[in-house]
Amino acid sequence: MKLTILGRSPAWPNPGEACAGYLVEGGGARVLMDIGPGVVAQLLRRHHPDELDAVIVSHMHTDHMLDLATLRYVYPWRARPREQRLRVVMPPGSADQMLDLARGVGNARHFEDSFRLSEHDGSSPLVFGGMSLTPMATEHFIPCWGFRAEADGALLAYTADTGPCDNVRTLADRADLLLSEATLRSVEEDAQPPERRGHLTPAEAAEAARDARAASLVLTHLPADGDGSWARDAAAQVFDGAIAVAEPGRTYEVGR
Ligand SMILES: [Zn+2]
Ligand SMILES: [Zn+2]
């Protein structure tokens, strides 16, 4: 299985970089996980969206989904035959927001003429060819799901956005590669009690990788100036496995 970073920015983009967007390939399938601002331009350097089996959205924060509005313009303006429309899997309960967004950009049918929109159920695996992606709820400011992607005997765990929680360890359990958000430079940047946490520091991402016995850790969704060595150094204090800071445009082998 292969993971390609199309964007690693948090909601406040790193200059010249896209927000969340991750291409996963394996088992004869190709899936885009998250599609934040700037991701479509990066995707088109490699693939036409017709070469995707699906786009999967972790949650309804704009840095993970707003480029769906852009993606629609890749297609002719007339409606496509239903069987040709790109499959787009949204989080449970997001239909009203998608309709609001479509109306907001001037056409209530903005998405449905080009996409086959559906919602996952929060727990059942999504299967595309020989790849399965199992959603798992994370701890965030709004409902959010990470994914365990399995293909070719390899396992990739993607946290999406999350604070520290048991589910992150379950999500990452014995993953070949844990793709973890690491948005915070310090815990003080997160929501403070009594509010619940919503993001991780690099050290907290590393704790999850260590506790879950993941083989390797790729830190993403972080404010990276230069090579992001501050984040890698913090994670290396905690986790003995291989650690990388996600590099836009780079492809990582998952598993053997
Ligand atoms: Zn978020
Ligand atoms: Zn985010």
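Structure: above.
Please read these numbers as outputs of a predicted model, since none were measured by experiment.

Outline unusual backbone geometry, listing residues and values.
Residue Pro194 is reached from Pro193 by a cis peptide bond, and omega for that bond is 10 degrees. With respect to the secondary-structure elements, Pro194 resides in the loop between strand S11 (177-181) and helix H6 (202-211). Phi is positive for Ala160, which is not a glycine, with a value near 55 degrees. Relative to the assigned elements, Ala160 resides in the loop between strand S10 (154-158) and helix H5 (166-172). Given a relative accessible area of 1%, Ala160 falls into the buried group. The residue His221 is not glycine, and still its phi comes out positive at about 55 degrees. In this fold, His221 is placed in the loop between strand S12 (216-220) and helix H7 (229-236).

Lay out the sheet that holds strand S1 (residues 2-7) with the relevant residues and their values.
Read across the open sheet, the seven strands follow the order S6-S5-S4-S3-S2-S1-S14; overall the sheet is mixed. On the outer flanks of this sheet lie strand S6 (115-119) and strand S14 (251-253), each paired with one strand and no other. Averaged over all adjacent pairs, the angle separating strand axes in this sheet is 20 degrees, with direction ignored. Bridge count for strand S3 (residues 29-33) against strand S4 (residues 54-56) is three bridges, and the pairing is parallel. Across the sheet, residue Leu32 finds its bridge partner in S4, namely Val55.

Mind laying out the coordination of the zinc ion (ligand 2), listing which residues take part and the relevant values?
Here the zinc ion (ligand 2) is held by the protein donor atoms Asp63 (OD), His64 (NE2), Asp161 (OD) and His221 (NE2), which lie 2.1 to 2.2 Å from it. Each of the four donor atoms bound to the zinc ion (ligand 2) contributes to angles spanning 90 to 157 degrees, and the resulting shape is irregular. Expressed as a motif, the donor residue spacing for the zinc ion (ligand 2) is D-H-x96-D-x59-H. In this structure, the zinc ion (ligand 2) is positioned 3.5 Å from the zinc ion (ligand 1), and both are ligated by Asp161. We note that Asp63, like His64, is buried.

Could you give an account of the pairing of strand S5 (residues 86-90), with specific residues and numbers?
Buried residues dominate S5, accounting for four of its five residues. Bridge count for S4 against S5 is two bridges, and the pairing is parallel. Bridged to Ile56 within S5 is Val89.

Quick one: what's the story with the environment of Gly249, residue by residue and with numbers?
Looking at the secondary structure, you find Gly249 in the loop between strand S13 (242-245) and S14. A C-alpha to C-alpha distance of 9.6 Å links Gly249 and Leu43, two positions 206 residues apart in sequence.

Can you lay out helix H4 (residues 95-104) for me, pointing to particular residues and giving the numbers?
What sets the pattern is the α-helix's 3.6 residues per turn: residues three or four places apart point alike. Turning to H4, its buried residues are Met98, Leu101 and Ala102. The arc enclosing the buried residues of H4, seen along the axis, measures out at 100 degrees, which places them on a common side. Opposite its buried face, H4 presents the exposed residues Asp96, Arg103 and Gly104, each directed more than 90 degrees away. Positive backbone phi, approximately 105 degrees, marks Gly106, located one or two places after H4.

Reading the values: rules and limits
Residues numbered from 1 in each chain as written. Chains lettered and ligands numbered in written order. Predicted model: local features only at pLDDT ≥ 70, side-chain atom pairs only at ≥ 80, totals over all residues. Heavy atoms only, no water. Helix = DSSP H or I, 4+ residues; strand = E, 2+ residues; numbered from the N terminus. Buried < 20%, exposed > 50% of the residue type's maximum accessible area, 1.4 Å probe, protein only. Pairing = 2+ DSSP bridges. Axes fitted to C-alpha atoms, helices over the stretch in contact; angles between N-to-C directions. Donors = N, O, S within 2.8 Å, 3.2 Å for Na, K, Ca; no water. Tetrahedral: all angles 85-135°; square planar, octahedral: opposite > 155°, others 65-115°. Arc of directions from axis to C-beta.

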